[in-house]
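Results of the structural survey
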Amino acid sequence: MITLGTARASPGETDTGRLEVGETRDGSPVRLPVAVINGSEEGKTLYVQAVSDGDELNGLGVVNRFVPRVDPTDLSGVVLVVGIVNYFAFQVAEHRNPIDDRKMNRGYPGDADGTTSERIAHATFEEAKRADLIVDLHQGSTSRMINETRVRCGIRHHLHGDCLELAKVFGCGHVLDIKGPDGQLARAGPDQGIPTIDPELGGCVGWDEESIRYGVEGLFNVLRHYGFLDGSVEVEEQVRARGFDQYGSPAGGLVRFEAALGDRVSAGETLFEVTDTFGERKGRVTADADGVFWRTRRLPQVAAGEYVCSVGTNVDRY
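The structure contained in this document is the topic of the report that follows. (Residues numbered from 1 in each chain as written. Predicted model: local features only at pLDDT ≥ 70, side-chain atom pairs only at ≥ 80, totals over all residues. Heavy atoms only, no water.)

**Quick word on the environment of Gly 215**
What counts is decided by this rule: We count a stretch as a helix when DSSP gives it H or I for four or more residues in a row; a strand needs E for two or more, and each element gets its number in order from the N terminus. Whether two residues are in contact is decided by their heavy atoms, any of which lying within 4.5 Å being enough.
Relative to the helices and strands, Gly 215 is located in helix H6 (residues 209–225). Between the C-alpha atom of Gly 215 and that of Tyr 87, which follows or precedes it by 128 residues, the distance is 21 Å. Discounting chain neighbours no more than four positions away, the residues touching Gly 215 are Val 62, Phe 170 and Leu 201.

**Here's the deal with the layout of surface pockets**
Under the convention used in this document: Both site types are read off a 1 Å grid over the protein atoms alone. A 1.4 Å probe that fits but cannot get out defines a cavity, while an open set with protein on both sides within 12 Å along at least five of seven lines defines a pocket; lining residues have an atom within 4 Å of a point. Grid points are joined across faces, edges and corners, and a volume is the space filled by probe spheres set on the points. Throughout this entry, Asp, Glu, Lys and Arg are counted as charged residues, while Ala, Val, Leu, Ile, Met, Phe, Trp, Tyr, Cys and Pro are counted as nonpolar. The remaining residues, Gly among them, count as polar.
Of the volumes computed, that of the largest pocket is approximately 460 Å³. Lining the largest pocket are 26 residues, with Lys 103, Gly 140, Ser 141, Arg 150 and Arg 295 positioned closest to its centre. Elements represented by at least two residues in the lining of the largest pocket include exactly strand S11 (196–201), strand S12 (239–248) and strand S19 (307–317). Among the residues forming the lining of the largest pocket, the class breakdown is five nonpolar, eleven polar and ten charged.

**Topic: the nonpolar core**
The following threshold applies: Residues belong to a common nonpolar core when they are buried Ala, Val, Leu, Ile, Met, Phe, Trp, Tyr or Cys residues joined through side-chain atoms within 4.5 Å. Classification of residues uses two cut-offs on accessible area relative to the type maximum, computed with a 1.4 Å probe and protein chains only: under 20% is buried, over 50% is exposed, and between them is partly exposed.
In this structure, Leu 46, Leu 137, Phe 170 and Leu 223 are the most contacted members of the largest nonpolar core, which totals 42 residues. Listed by contribution, the elements that provide at least two residues to this core are strand S4 (29–38), strand S5 (41–50), helix H1 (58–69), strand S6 (76–82), strand S7 (133–137), helix H4 (160–170), S11 and H6. Look past the residues within four positions of Leu 223 in its chain and what remains in contact with it is Leu 46, Phe 66, Val 70, Leu 75, Val 79, Phe 228 and Leu 229. With 27 residues, the next largest nonpolar core counts Ala 9, Phe 88, Phe 125 and Ala 131 among its residues.

**As for the packing of H4 against H6**
Under the convention used in this document: Note on method: axes are straight lines fitted to C-alpha atoms, helices fitted across the in-contact stretch only, with angles between N-to-C directions ranging 0 to 180 degrees. Geometric relationships in this document are graded by angle, where less than 35 degrees denotes roughly parallel, more than 145 denotes roughly antiparallel, 65 to 115 denotes roughly perpendicular, and other angles denote oblique.
Packing of H4 against H6 brings their axes to within 7 Å, and their N-to-C directions diverge by 120°. Taken together, H4 and H6 sit at an angle that is classed as oblique. Between H4, through Glu 165, Leu 166, Val 169 and Phe 170, and H6, the contact on the second element is made entirely by Tyr 214, Gly 215, Gly 218, Leu 219, Asn 221, Val 222 and His 225. A breakdown of the residues in the contact of H4 with H6 according to their chemical character gives six nonpolar, four polar and one charged.

**Some words on the pattern of salt bridges**
A side chain with one charge may pair with a side chain of the opposite charge, provided their charged atoms come close. So the rule is basically this: Each salt bridge in this description consists of a side-chain nitrogen of Lys or Arg and a carboxyl oxygen of Asp or Glu lying within 4 Å of one another.
Counted under the stated rule, the structure contains 16 salt bridges. Note that Glu 126 is salt-bridged to Lys 129, the shortest N-O span being 2.9 Å. Note that Arg 213 and Glu 217 form a salt bridge whose closest N and O atoms lie 3.6 Å from each other. Of this pair, Arg 213 and Glu 217 both sit in helix H6, four residues apart, which is roughly one turn of the helix. By sharing partners, the salt bridges in this structure join Asp 177, Arg 240, Arg 242 and Asp 316 into a single network.

**A short note on the side chain of Glu 127**
Going by this rule: The definition of a polar contact used here is a pair of N or O atoms within 3.5 Å, where within protein one atom must be able to donate a hydrogen and the other to accept one, and adjacent residues in sequence count solely through side-chain atom pairs.
Here Glu 127 is to be found in helix H3 (residues 116–128). Among the residues examined, Glu 127 registers a relative accessible area of 15% and is labelled buried. Here Arg 130 takes part through its side chain, which lies 2.6 Å from a polar atom of the side chain of Glu 127. Apart from the residues within four sequence positions on either side, Glu 127 is in contact with Leu 4, Leu 19, Tyr 47 and Leu 80.

**Examining the sheet that holds strand S18 (residues 301–302)**
The criterion, for reference: Note on pairing: DSSP must find at least two bridges between two strands before they are called paired.
If you trace the four strands from one edge of the open sheet to the other, you get S16-S15-S13-S18, paired in antiparallel fashion. Sheet topology places strand S16 (281–286) and S18 at the edges, where each strand pairs with a single neighbour. Pairing analysis gives four bridges linking strand S13 (residues 253–257) to strand S15 (residues 270–275), with the strands arranged antiparallel. Its bridge partner being in S15, Leu 254 is matched across the sheet by Thr 275.

**Some details on the environment of Arg 256**
Relative to the helices and strands, Arg 256 is located in strand S13. Each C-alpha atom of the pair Arg 256 and Pro 300 lies 7.4 Å from the other, and the pair is 44 residues apart in sequence.

**Some details on the packing of aromatic side chains**
For any two aromatic rings, the description comes down to two numbers: the centre-to-centre distance and the angle of the planes. Using the following cut-off: For this analysis, a ring pair means two rings from Phe, Tyr or Trp (six-membered ring only for Trp) whose centres lie within 6.5 Å, classed as stacked if their planes differ by under 30 degrees, edge-to-face if by over 60, and tilted for the remaining angles. Only when the NZ atom of a Lys or the CZ atom of an Arg is both within 6 Å of the ring centre and within 35 degrees of the ring normal do we say a charge sits over the ring.
Enumeration according to the criterion identifies six aromatic pairs in this entry. With a centroid separation of 5.3 Å and 90° between ring planes, the pair formed by Tyr 87 and Phe 88 is classed as edge-to-face. Judged by its relative accessible area of 11%, Phe 88 is buried. Between Phe 244 and Trp 294 the ring centres are 6.3 Å apart and the planes differ by 85°, which places this aromatic pair in the edge-to-face class. Note that Phe 244 is positioned in strand S12 and Trp 294 in strand S17 (residues 291–296), a separation of 50 residues in sequence. Given the relative accessible area of 0%, Trp 294 is considered buried. Aromatic rings pair up to connect Phe 257, Phe 272 and Phe 293 into one cluster. Its end group placed over the ring of Trp 207, Arg 65 keeps NZ or CZ at 4.9 Å from the ring centre. One Lys or Arg, Arg 213, reaches over the ring of Tyr 214 and ends 5.3 Å from the middle of that ring.

Structure below.
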């Protein structure tokens, strides 16, 4: 019998339940939706979570499609799933937890006696530590972004190669290989000896079916490659960026992009222009280095200095 919160699954069974992680302001319990898929044969354990940022719903779309498609009688090993991590932010469709104004993915490994975010991080990390592999499903918030996977442990970490392999198997096509901020699950997992990746499944308002498809296929790639399911995976070469340049607007106005997401851009190439209300150009921004056009703001209006776009740099293939 494998348990996660109130979910209890015998070999060859799937069960769903709730993981209690705290209390709301009226004293009601906070219970996250969880699932256990317990294979009929022994094997590794995969931990998957989604919505640690409350407005990043593509990961929830992946969980919603993935769990019903996994037949536990065909599975060797266990899949543990937390479908919605940032309970409070999800309820109000905001990025950060409105109770403590914290970004959940800066709070790992968490604190059992800390803020609401730190308590949720602690509770979910205790479950993640049971696994051999961790996949933390994200997206580029509500901005526009390519589908990519992030390896956040840093190139000097002893599990860097294992995390890169997991990212390659997941197979979004693009990988951002840059050490992440303290408190990210993709940092805390490797520090516990568990290869961990942070897929960033596009960016949208609501969810996007193409990005969800990348996530579902990525999880099944992981299951097959690491022996949870029979079958082989054709692991494809990934485009990797090891740098990330961000660009702000030189003036207030309306943005007009000259590059499309995923385009290769060269140093000196125009990324975007800014015009006034009537189309008169006020500014023009070019790439500082060769790279891949990675992410953009969604709305066209900008203030002077406001974020506009990002370019992945130091690009190679692996």
